[in-house]
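Given next are the chains, with one letter for each unit.
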Amino acid sequence: MQLLKDRIRKDGKIKGGNVLKVDSFLNHQMDIKLFGEIGKEFKRRFADVEVNKILTIEASGIGIACVVAQYFDVPVVFAKKNKTKNIAGDVYTSQVESFTHGRVYDIMVSKEFLGEGDKVLLIDDFLANGKALEGLAALVKDSGAELVGAGIVIEKGFQVGGDNIRRQGIRLESLAIVESMDEETGTIVFRGDE
Ligand code: 5GP
């Protein structure tokens, strides 16, 4: 998606540890007009599948998922990151290893909001090692719902997540795939642009 790639080149900041900071438009301050274009693009790419629910993970997936959901006209459910060990039995849970914080946490979704008959599209801001998506996919599987695909705003193609998710047969659409980025020169190369 050219508009997104241009914006990443203009406002993205490359940090150490393979982190791309896009918090001026994507996951801290949020450019809602851009989100609208992102929503349209996901709808176009997943036009051939039936979706009745969007599932994301708190916190940075929520804003994007909400705007995307308007184009699909479906509700958004977000997996909560569980801080207490005190979870009731009426939830699906799975574990996620955080890329940005390097620790493992539980995620959960109430059984009330996910289950058989649901056709679920996963949406998240970033794909790095794929743990967040794998955790969400596990919740969908446990619930008996159908996973129709995953939409990612920025995939870091030099990390393992994208390959792992595709290998599992999950349909993955990433709007910008960063093939490489150089902290010193500030150069970002996108897949397809080389
Ligand atoms: P994964 O689970 O695929 O390793 O990492 C995905 C999660 O980590 C995303 O939900 C996102 O919040 C965070 N993340 C991974 N890489 C980056 C990055 O380069 N920049 C930012 N801002 N967040 C990232």
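Caption draft 1: Highlighting the sheet that holds strand E7 (residues 119–127). Judged by pairing direction, the sheet is mixed, and its eight strands sit side by side in the order E5-E6-E4-E3-E7-E8-E9-E10 without closing on themselves. Every interior strand has two partners, whereas the edge strands, strand E5 (91–97) and strand E10 (187–190), have only one. Across this sheet, the average inter-strand angle for adjacent strands is 30°, counted without regard to direction. With seven bridges joining them, E5 and strand E6 (residues 104–110) adopt antiparallel strand pairing. When the sheet's bridge partners are listed, Tyr-92 is paired in E6 with Val-109.

Caption draft 2: Expanded view of unusual backbone geometry. Going from Glu-58 to Ala-59, the amide bond is cis rather than trans, its omega being 0°. Its location among the elements puts Ala-59 in the loop between strand E3 (53–57) and helix H3 (60–72). One non-glycine residue, Asn-18, adopts positive backbone phi at about 65°. Along the chain, Asn-18 falls in the loop between strand E1 (13–15) and strand E2 (19–21). Not every positive phi belongs to a glycine, and Asp-73 is a case in point at roughly 60°. Counting through the fold element by element, Asp-73 comes out in the loop between H3 and strand E4 (76–82). Taking relative accessible area as the criterion, Asp-73 reaches 71% and is therefore assigned exposed.

Caption draft 3: Here's a closer look at the pattern of salt bridges. Going through the model one piece at a time under the given rule, you end up with 17 salt bridges. One salt bridge in this structure joins Asp-11 and Arg-7, with 2.7 Å as the shortest N-O distance. With Asp-11 and Arg-7 both in helix H1 (residues 2–11) and four residues apart, this pair spans about one turn of that helix. Taking the shortest distance from any N to any O, the salt bridge between Arg-44 and Glu-41 comes out at 2.7 Å. Of this pair, Arg-44 and Glu-41 both sit in helix H2 (residues 32–45), three residues apart, which is roughly one turn of the helix. Judged by its relative accessible area of 56%, Arg-44 falls in the exposed class. A residue is classified by how much of its surface remains accessible, and Glu-41, at 13% relative accessible area, is buried. Counted as one network, the salt bridges with shared partners bring together Glu-41, Arg-44, Arg-45, Asp-48, Arg-171 and Glu-173.

About the cut-offs
Residues numbered from 1 in each chain as written. Predicted model: local features only at pLDDT ≥ 70, side-chain atom pairs only at ≥ 80, totals over all residues. Heavy atoms only, no water. Pairing = 2+ DSSP bridges. Helix = DSSP H or I, 4+ residues; strand = E, 2+ residues; numbered from the N terminus. Axes fitted to C-alpha atoms, helices over the stretch in contact; angles between N-to-C directions. Buried < 20%, exposed > 50% of the residue type's maximum accessible area, 1.4 Å probe, protein only. Salt bridge = Lys/Arg side-chain N within 4 Å of Asp/Glu carboxyl O.

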